[in-house]
Amino acid sequence: MATTKLSMTVNGQPVGPHEVPDGLAMVDFLHEYLGLAGTKYGCGIGVCHACVVIVDEPDGTSRTMRTCINGAADFAGKAVRTVEGHARDGKLSDVQQAFVDHFSFQCGYCTAGFVNEATRLVEELERKPIAESQVEAKLAEALGEHICRCTGYVRYYEAMRDLILSNPRLSKEA
Amino acid sequence: MAKIQWTRRQFLAGSAATGIALAFSQLALAEEAFDAHETMPIAPGWSKGIGLPRYRVDGYAKVTGAKLYARDFRAVDMPGWPDDMSHALLLFANDATHRFISIDLSSLGGDLQPDRIVTAADLAETGIKAVGIFAGDLFCPEGETPLYLGQPVAMLIYRDFATFSSARQSLRGTEGIVTFGEETGPIAGKPYGANRFTRVSGSGRKGPDQYSPFKDGWVVPIRYQRGGEPAWAEAKPDGNAAQEASANGAAIRKDLADGKAGRAFKQSFQTPSNDPFFMEPESGLAWHDKANRKFSILVGAQSPGETLNTIADLFRRAKPSVAVSEVDGYFPYLGGAFGGRDRSIITLYLAIAGLYADGRPVRLALDRFEQFQLGLKRHAVSIDSTLGVDPETGAFQAFACDLTLNGGGLANYSASIADICAISSPSMYYFPRSDVTTVAEHSRAVTAGSMRCYGGLQPIVAMECLVDEVASQLKIDPIALRRKNALQTGDLTLTGIPPNGAMRTLDVLDAMERSSLWAKRENNRKAFESANPAKAYGVGTASAIFKYGTGEDGALAALWFDADGQISVTASTVEMGTGTSTAVAVRAGDHLGRSADHVTLESTGAIWAPLGLVTSGDPYTISQADQDRAAKNPRWVPVITSRASASVGAHVTTHAVAEAGYGLLRFGLWPAAQAVWREGPAGGQAAGEDVTLEDLRWVDGKLTAKGMEPLPFERLAKKVHDMGLVTGVMVHAYNRWQWAKADFQIGSETWTGAIDALAIRRGDEKWAVEDRKNVQFPPALRERVGASYFSTCGAVVALSVDRTNGNVDVLEIYQVLDCGRSLVPDLVSGMSQGAIAMGIGHALYEYLPLYEDGPGNGNWNVNRYHVVRAREVPLRNMTLEYLPPLSDNDPPKGMAEITMIPVVPGILNAIHDAVGHRFTKLPVTAEDIAGVL
């Protein structure tokens, strides 16, 4: 059985080196090797997006990556943020608080994916705010492939709409 | 990394079960409740105390990735378990028409072979055998034809995760692992159940009936014909009940055929198999501690008590080599369920994994392909209906319907679902005469079971489309036609009973008619089609009544407070996203003036031990004599706890909480308040008024009455503790379409509560059970009711159809719901929104082939099964209206299921409005529509 040694940074902490089987999915690496269960396996084929984590690039930008179809090796050397890494000192992040305040989730299994994707979006808007008229389309672009079976998506979008429109650092009237 | 500080432990814990009843029989020996519980991490500041909660109790846990779901846990998380864990996976038959020969693992090579393979031969040696609703080989034996597509043939167990992970990947991409030989055709199986519901009204809508299932009994076939079709008793008007049903049914159908029941409108409607697609695929942990003869299991289940009973029963029937005398269950949060985790067979495979893992903890986790392959499905249903309508007035005269449900490979709940399918078939309408047959058949398809709406969705969709067709042909407004025929308060249902409470069908229809979406539909059509010439605009309506509760509902609740006034509540249910936990906390405020501060969900566990409950018999079939005899034992109840479902949480679970709250108010807070108000000479401030229990009012969290000093809860709590009064009340409640009641002596007072068991706590003392007197369980015959608690719901749907390709865009939805008293409006509306989205999916997208092309072949996932995305939901054009409760003490109704229903026929009716074609199947795809344009 072929194996790979890998290290990375997860939620600001260096992890590894861990010797893992080749082809081990990142979601399994998070669960089995790091004990981080917050990232959820939903479909295993990259469709539902429950499993996305944030990868922070050296240039200061971030993107999300699915962890069910990307191997742990694809994250080697990278800076990864999972849902467990957003709250600080007993306080939720703005995205997390918005979802809680709006009763955005029900079973909560898809929530980690939404949190990570929405967090990436907010950080992108902080770097480059958009016009209010573009918010709806931006939300659809960011969250449109995430599947939720419980909520009908209404309150996830409401929460993000309110968060973005109420923050002049994220959106402007024109 | 900073972490949130929890007010309770973050992870799950269970406690030891009491022994297995090795000689259990139906009524001879009572079965004690098993112990298991789950904790709930509580969001700080979730409750404002008084009024509505700020957010859901479990909000923080879910949004920060706390370990909550079965899939999150490993052996290292489990208290007292060894850390090292094995991993199991199942191999499935993707063929059910050829003999299974063997498995071939040669492709794994030498280094990826499993440490243990478990097959049918192993189970035969140990006597592990599924019975009851799971009856059927757990592994297909070599040389036999699988009973159904996706039937497991073997289990592979690996000690090492890395090897397991690589092996699983290898197997996923390899053909020919499971080999087949001679073609035999599918295995024929007997139908799972059938019933006939015939009703002939008497002089009026409110009875008495000439003949009805409630009055005359439910009618089963006398036999099944070779193809599985039920054969009914010979028609004899003066014969026994079954013969009279046949005679009445034949007469109704003849009148429909001869035009003597008005103009006959016929319909054949077909609904498909669907997958619940809850987001968390099923998984669990098991550990057989052989030295201590203890078996522990962790699994996400809607029915923890039944899960433990099933496993205990499996072991009890096995050979003595299966050394288990104690079963210990851990039941975590559910990542969605929708009925699909209600008596799921995964539990049995977890038990097998635990037994064969050589004393190591073991994990079995389905991937999504396997979830599609093994997980419970919604029944595909064929619905053949004839509706007789007076063409002049639009009044419904008679209704005949034949329902055939495809139950798939195992029985599961098919028989019961078939009954509810029949009982739901009239939708929200009154029929003077009706004859409905229902049968659930075995097939080689993946097993069908409980799924949101429990058999009610399919026939109601068919009826609502048929009613729309009647309206169209008779040129009657569809809402007016519905109003003409709506079931109203006191009208007898298909089973011949009046529904519970006021039927607000007319209020729902009035609201639909008033809605802007309906009232302005023609203006909207003109404007839309003018702006979008390639698209057709359509508006459709539909309505429904649907039952909540199951007729065998049991609920436990314990409510207590400490001397500082902190209120704690424990209730017997599981959290599957419905927000039951939050609703439980809020309902505690019915009699305490504010929500509970701490909530625990514990389906079966040590906390309930003071009640000492025992149960026996089948609550559905128990005779009156047997029930009366069993009830003499003050600890006996027909059912200890219900399975969790969205239709049970608000109505059943919180009822027990409210009863407990009443007990606390009456025997704790009230005497304490009296003592405070009477302090001082000459009777204190209360001397001048005659203040009674009924005068008490909570205002801003303070108790007052007739001008007495408002007393904060904290002050009262201390007084109650100081006086040694009742500080805790624990109850059990049972409902068979009415609540059990009993008398309990508390001091010098008799409390007649809608409960059948009680324990109380005074001060800081231990819980002490109070014997009941004069218990009145609902009569056994009440089971004939079928259903008597109903919610009513209606929808107006606007959509567009692209004339070039048939694509449908759902533009706007209006929905009105009678949910009784809403405990947490944000949870109710959230549930409605999600149900609407699922309804859109069922109407337009979701479809599973039944047999060789279906999920039983192992090749289905969400890339092929279309689950609705946000872009397919009118996120900003959904108007939800809730009928105001009739009074402040309306009970909350179970409504989560019904909110899905009207959207589906509403969409089909809107498509008809847009393009003039009536579809009589689900889903209606773009291809289907393009084919008729």
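As the structure is a computational prediction, the values presented were derived from the model and not from experiment.

1. Here's the deal with the overall build of chain B
Then step 1. Summing up its helical and strand segments, chain B has 22 helices and 35 strands in all.
Then step 2. Along the first, second and third principal axes, the C-alpha set of chain B runs to 85 × 75 × 65 Å.
Then step 3. A buried classification covers 65% of the 933 residues belonging to chain B.
Then step 4. In the structure as shown, chain B presents an accessible area of about 30900 Å², 49% of it carried by carbon and sulfur atoms.
Then step 5. With 90 positive and 104 negative side-chain charges, chain B shows a spacing of 2 Å between the two charge centroids.

2. Focus on the environment of B:Val200
Residue and element names in this part refer to chain B.
Then step 1. Summarising the element assignment, Val 200 is placed in strand E8 (residues 193–200).
Then step 2. The sequence separation of Val 200 and Pro 432 amounts to 232 residues, and the corresponding C-alpha distance is 6.3 Å.
Then step 3. Apart from the residues lying within four places of it in its own chain, the contact partners of Val 200 are Asp 209, Gln 210, Tyr 211, Asn 248, Ile 252, Pro 432 and Arg 433.

3. A few points about the sheet that holds strand E5 (residues 79–81) of chain A
Residue and element names in this part refer to chain A.
Then step 1. As summarised here, the arrangement of the five strands in space is E2-E1-E5-E3-E4, forming an open sheet in which the pairing is mixed. Among the strands making up the open sheet, the edge pair consists of strand E2 (13–21) and strand E4 (62–65). Each strand axis lies, on average, 40 degrees off the axis of its neighbour in the sheet, ignoring direction.
Then step 2. In this sheet, E4 lies alongside strand E3 (residues 53–56) in antiparallel orientation, the contact comprising four bridges. Paired with Ile 54 across the two strands is Thr 64, which belongs to E4.
Then step 3. Where helix H3 (residues 111–127) meets the sheet, its contacts fall on E3, E4 and E5, and the angle it forms with E4 comes to roughly 165 degrees.

4. With respect to the domain arrangement of chain A
All names here are of chain A.
Then step 1. Looking at the assigned domains, one finds that chain A contains domain 1 (3–84) and domain 2 (94–172).
Then step 2. Facing the 19 residues of domain 1 at the interface are 15 residues of domain 2.
Then step 3. Carbon and sulfur atoms make up 55% of the area that domain 1 and domain 2 hide from each other, which totals about 1400 Å².
Then step 4. Taken together, the connections running from domain 1 to domain 2 amount to one salt bridge.
Then step 5. Note that Arg 81 is salt-bridged to Glu 123, the shortest N-O span being 2.6 Å.
Then step 6. Where domain 1 touches domain 2, the interface holds eight residue pairs in polar contact (both at pLDDT 80 or more).
Then step 7. Counting only elements with at least two residues in the side of domain 1 that touches domain 2, the list comes to E3 and E4.

5. With respect to the state of the cysteines
Then step 1. Within the structure shown, the criterion is met by zero disulfides over all chains.
Then step 2. B:Cys401 supplies the cysteine sulfur nearest to B:Cys465, a cysteine that is in no disulfide, at a spacing of 13 Å.

6. A short note on the nonpolar core
One broad rule of soluble globular proteins: the nonpolar side chains tend to lie buried together.
Then step 1. Among the nonpolar cores identified, the biggest contains 230 residues, and A:Phe99, A:Tyr153, A:Met160, B:Trp677, B:Ile840 and B:Ile907 are the most heavily contacted of them.
Then step 2. The element that contributes the greatest number of residues to this core is helix H18 (residues 649–677) of chain B, accounting for 13 residues.
Then step 3. Taken domain by domain, this core gets at least three of its residues from each of domain 1 (3–84) and domain 2 (94–172) of chain A.
Then step 4. With residues up to four places along the chain from it excluded, the contact list for A:Met160 reads A:Val95, A:Phe99, A:Ala118, A:Val122, A:Leu139 and A:Leu143.
Then step 5. Grouped together as the second largest cluster of nonpolar side chains are 46 residues, B:Val118, B:Tyr148, B:Val322 and B:Ile346 included.

7. Some thoughts on H18(B)
Then step 1. Taking the largest bend as the criterion, H18(B) deviates by roughly 40 degrees, centred on B:Leu665.
Then step 2. Of all the 29 residues making up H18(B), 27 are buried; the element is thus mostly covered by neighbouring parts of the structure.

8. Observations regarding the interface of chain B and chain A
Then step 1. The interface of chain B with chain A comprises 72 residues on the first partner and 59 residues on the second.
Then step 2. Summed over both sides, the interface of chain B with chain A buries roughly 5200 Å², with 60% coming from carbon and sulfur.
Then step 3. Between the two partners, chain B and chain A, sit seven salt bridges.
Then step 4. Put simply, chain B and chain A have 26 residue pairs in polar contact (both at pLDDT 80 or more) between them.
Then step 5. At the level of secondary structure, the elements contributing two or more residues to the side of chain B that touches chain A comprise helix H1 (59–63), helix H3 (161–172), helix H8 (368–374) and helix H20 (825–844) of chain B.
Then step 6. Residue contributions to the side of chain B that touches chain A peak at 10 residues, all from H20(B).
Then step 7. Partitioning the side of chain B that touches chain A into residue classes produces 34 nonpolar, 18 polar and 20 charged.

9. Topic: the pattern of salt bridges
Then step 1. In the structure shown here, the tally under the stated rule is 62 salt bridges over all chains.
Then step 2. Here B:Lys706 makes a salt bridge to B:Asp695, at a shortest N to O gap of 3.5 Å. Taken together, the residues B:Lys706 in the loop between strand E25 (702–704) and strand E26 (711–712) and B:Asp695 in the loop between H18 and strand E24 (697–699) connect sequence positions 11 residues apart.
Then step 3. Using a relative accessible area of 43% as the deciding quantity, one classes B:Lys706 as partly exposed.
Then step 4. Between B:Glu783 and B:Arg736 there is a salt bridge, and its shortest N-O distance comes to 3.7 Å. Separated by 47 residues along the polypeptide, B:Glu783 in the loop between strand E32 (772–776) and strand E33 (790–802) and B:Arg736 in the loop between strand E27 (726–735) and strand E28 (741–746) bring together distant segments of the chain. In this structure, B:Glu783 and B:Arg736 share a single accessibility class: buried.
Then step 5. A single network of salt bridges, built from pairs that share partners, joins A:Glu117, A:Arg120, A:Glu124, A:Lys138 and A:Glu141.

Analysis parameters
- Residues numbered from 1 in each chain as written.
- Chains lettered and ligands numbered in written order.
- Predicted model: local features only at pLDDT ≥ 70, side-chain atom pairs only at ≥ 80, totals over all residues.
- Heavy atoms only, no water.
- Helix = DSSP H or I, 4+ residues; strand = E, 2+ residues; numbered from the N terminus.
- Buried < 20%, exposed > 50% of the residue type's maximum accessible area, 1.4 Å probe, protein only.
- Areas by Shrake-Rupley, 256 points an atom, 1.4 Å probe, with all protein chains shown as cover.
- Lys, Arg positive; Asp, Glu negative; His and termini not counted.
- Charge placed at Lys NZ, Arg CZ, Asp CG, Glu CD.
- Contact = heavy atoms within 4.5 Å.
- Pairing = 2+ DSSP bridges.
- Axes fitted to C-alpha atoms, helices over the stretch in contact; angles between N-to-C directions.
- Domains from an automatic or database assignment.
- Buried area = accessible area lost by both parts, 1.4 Å probe.
- Salt bridge = Lys/Arg side-chain N within 4 Å of Asp/Glu carboxyl O.
- Polar contact = N/O pair within 3.5 Å; in protein donor to acceptor, adjacent residues only side chain to side chain.
- Disulfide = S-S within 2.5 Å.
- Core = buried A, V, L, I, M, F, W, Y, C linked by side-chain atoms within 4.5 Å.
- Bend = angle between axes of the 7 residues up to and from the residue.
- Nonpolar A, V, L, I, M, F, W, Y, C, P; charged D, E, K, R; others polar.

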